[in-house]
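Coordinate inspection notes
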Amino acid sequence: MNSATNNQQPTTSIPRDARIYVAGHLGLVGSGIWRALERHGYTNLIGKSVDEVDLINQQAVDDFFASEKPEYVVLVAAKVGGIVANNTYRGQFIYENMMIEMNVIHAAKKHGVKKLLFLGSSCIYPKLAPQPMKEEHLLTGPLEPTNEPYAIAKIAGIRLCDAYNRQYGTNFISAMPTNMYGPGDNYHPENSHVLPAFIRRFHEAKEQGVEKVSCWGSGSPFREFLYSDDLAEACVFLLEKIDYSDVAFEDETGTVQSHVNVGSGKETSIKELAETVASVVGYKGEIEWDTSKPDGTPRKLMDSSKLMSLGWSPKIDMREGIARAYEDFKQRYL
């Protein structure tokens, strides 16, 4: 196992002109990974919009891999959203995400991709998993009902990577990021995640002179957040330096798994998050909590010690990250 630290220039066996396909390169996470790969000197990146390649269509994906011949794949593409979107579009969330994963991962195996990095989500872990959540807690209890379809789809992607590694000798690994935010985020008033939703809500309240902002739930749940550029650096680190054999482990059932957590190791309450966003945005009014709305999982902190022990660590603290995200919001929406 490689012992290089995050402060050292990575020693990589990936040529800088290798054909690297970033599936989902236009989104929050994908665009961050694209920028990070460019920073690291990679010059032959492949990215296609949904209009160019429909990843839900197996034939379209197979044709794309046959023509473009990517050597490395980062699979970020997914249908994503917050509590409202997950609860409302349950069928779409499980169907579209499973189809994307099955098509891309299978095509990577079929066309001899040297390495694939699949990105999942912290919601794969049980609602009441021990805290902080370790990789071995996967499938040890019931999932959070509000995002169960999305979680099941992501678990299926992890298991497919593991199964192909064992049956076909592929080098497919899975990274499980915590809650992400940063440039390129979705600020939709209904279908966004909590942090970008707060940025938009408090900005609009400030601009409109609203004296009171109502937020869902009690504000008591704790969440962990990671700035998108920190995740992007973690993904480049995993792609360059970490193989399936470095992170594979056998759980209590004897099943070999190869996913790894990617988080900041720090948590904050939703109430504290709202207050921090309001402060960064400059909103001076009152924040009230609508306890008739669901809170979701009471606490979600991931144990990222495995990845940190391999040499990666986050660099951007939350207040700085929120300030950067707010600047991105103003540039894109104002």
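Residues numbered from 1 in each chain as written. Predicted model: local features only at pLDDT ≥ 70, side-chain atom pairs only at ≥ 80, totals over all residues. Heavy atoms only, no water.

1. Observations concerning the overall build of the protein chain
Along its length, the protein chain carries 11 helices and 15 strands. Principal-axis analysis of the C-alpha atoms places the extent of the protein chain at approximately 60 × 45 × 40 Å. Counting only residues that meet the buried cut, the protein chain has 51% of its 334 residues in that class. A sequence separation of at least 24 residues applies to 82% of the contacts in the protein chain between residues at least 6 apart. Only carbon and sulfur atoms are counted for the fraction: they give 49% of the accessible area of the protein chain, which is about 14,400 Å². Of the side-chain charges in the protein chain, 35 are positive and 43 negative, and the distance between the mean point of each set is 1 Å. (Helix = DSSP H or I, 4+ residues; strand = E, 2+ residues; numbered from the N terminus. Buried < 20%, exposed > 50% of the residue type's maximum accessible area, 1.4 Å probe, protein only. Contact = heavy atoms within 4.5 Å. Areas by Shrake-Rupley, 256 points an atom, 1.4 Å probe, with all protein chains shown as cover. Lys, Arg positive; Asp, Glu negative; His and termini not counted. Charge placed at Lys NZ, Arg CZ, Asp CG, Glu CD.)

2. A look at the side chain of histidine 40
Residue placement: histidine 40 occurs in the loop between helix H1 (28–39) and strand S2 (45–46). For histidine 40, a relative accessible area of 16% corresponds to the buried category. Within the structure, the side chain of histidine 40 is placed 2.8 Å from the side chain of glutamate 233, a separation counted as a polar contact. (Polar contact = N/O pair within 3.5 Å; in protein donor to acceptor, adjacent residues only side chain to side chain.)

3. A word on the packing of aromatic side chains
Aromatic ring pairs are described here by two measures, namely the spacing of the ring centres and the angle between the planes. Evaluation of the coordinates by the stated rule reveals 12 aromatic pairs. Centroid distance tyrosine 21 to phenylalanine 64: 4.6 Å. Interplanar angle 55°. Geometry classified as tilted. Within this pair, whereas tyrosine 21 is found in strand S1 (residues 20–23), its partner phenylalanine 64 is found in helix H2 (residues 58–68), the two being separated by 43 residues in sequence. The exposure class assigned to phenylalanine 64 is buried, which follows from its relative accessible area of 5%. An angle of 20° between the planes, with centres 5.4 Å apart, marks the rings of phenylalanine 329 and tyrosine 333 as stacked. Residue phenylalanine 329 and its partner tyrosine 333 are located together in helix H11 (residues 318–333), separated by four residues, close to a single helical turn. Overall, tyrosine 333 belongs to the partly exposed group, its relative accessible area being 38%. (Phe/Tyr/Trp six-rings, centres within 6.5 Å; stacked < 30°, edge-to-face > 60°.)

4. Quick notes on the UniProt feature "binding site: substrate" (unreviewed entry) in the protein chain
As recorded in UniProt, the sites labelled "binding site: substrate" (unreviewed entry) are Arg201, Trp216, Arg223 and Asp295. Among the structural elements, arginine 223 can be located in strand S8 (residues 222–223). Judged by its relative accessible area of 11%, arginine 223 falls in the buried class. Relative to the helices and strands, aspartate 295 resides in the loop between strand S14 (286–290) and strand S15 (299–300). Given the relative accessible area of 30%, aspartate 295 is considered partly exposed. Sequence-distant contacts of aspartate 295, that is, excluding residues within four places in its chain, are made with Ile83, Gly217, Ser218, Gly219, Ser220, Pro221 and Arg223. A distance of 2.8 Å separates polar atoms of two side chains, one belonging to aspartate 295 and the other to serine 218. (UniProt positions renumbered as here; feature names shortened; annotations may be inferred.)

5. Topic: helix H6 (residues 194–208)
When the terminal C-alpha atoms of H6 are compared, their 21 Å separation across 15 residues agrees well with the 21 Å that a helix rising 1.5 Å per residue should span. The secondary structure elements touched by the buried residues of H6 are strand S6 (179–181), strand S7 (212–216), strand S9 (225–227), helix H9 (270–281), S14 and H11. A positive phi of about 70° marks glycine 209, the residue just after H6. (Expected span 1.5 Å × (residues − 1).)

6. Topic: the sheet that holds strand S13 (residues 268–269)
Read from one edge of the open sheet, three strands run S13-S8-S15, paired in mixed fashion. Strands with a single pairing partner mark the edges of an open sheet, and in this sheet they are S13 and S15. Bridge analysis of S8 against S15 gives two bridges, and the strand direction is parallel. Bridge pairing in S15 links arginine 223 to lysine 300. (Pairing = 2+ DSSP bridges.)

7. Some remarks on the packing of H6 against H9
Close contact between H6 and H9 brings their axes to 9 Å; oriented N to C, the two are set at 45°. Put simply, H6 runs oblique to H9. In this structure, H6 meets H9 at a crossing whose hand is right-handed. In this structure, H6 contributes Val194, Leu195, Phe198, Ile199, Phe202, His203 and Lys206 to the contact, and H9 contributes Ile270, Leu273, Ala274, Val277, Ala278 and Val281. Tallied by class, the residues present in the contact of H6 with H9 amount to 11 nonpolar, one polar and one charged. (Axes fitted to C-alpha atoms, helices over the stretch in contact; angles between N-to-C directions. Parallel < 35°, antiparallel > 145°, perpendicular 65-115°, else oblique. Left-handed = near helix turned anticlockwise from the far one by under 90°. Nonpolar A, V, L, I, M, F, W, Y, C, P; charged D, E, K, R; others polar.)

8. Describing the pattern of salt bridges
For the structure on display, the rule yields 19 salt bridges. With a closest N to O distance of 3.4 Å, lysine 115 and aspartate 243 form a salt bridge. Residue lysine 115 is located in strand S4 (residues 115–119), and its partner aspartate 243 is located in the loop between helix H7 (228–241) and helix H8 (244–247); the two are separated by 128 residues in the primary sequence. For lysine 115, a relative accessible area of 3% gives the class buried. The network of salt bridges with common partners includes Arg19, Lys48 and Glu68. (Salt bridge = Lys/Arg side-chain N within 4 Å of Asp/Glu carboxyl O.)

9. Here we look at the UniProt feature "site: Important for catalytic activity" (unreviewed entry) in the protein chain
Annotation from UniProt places "site: Important for catalytic activity" (unreviewed entry) at Ser121 and Cys123. Leaving out residues up to four positions away in the same chain, serine 121 has contacts with Tyr150, Lys154, Met176 and Pro177. The class for cysteine 123 is buried, based on a relative accessible area of 5%. In this structure cysteine 123 touches Leu143, Asn147, Tyr150, Ala151 and Lys300, once residues within four positions along its chain are discounted.

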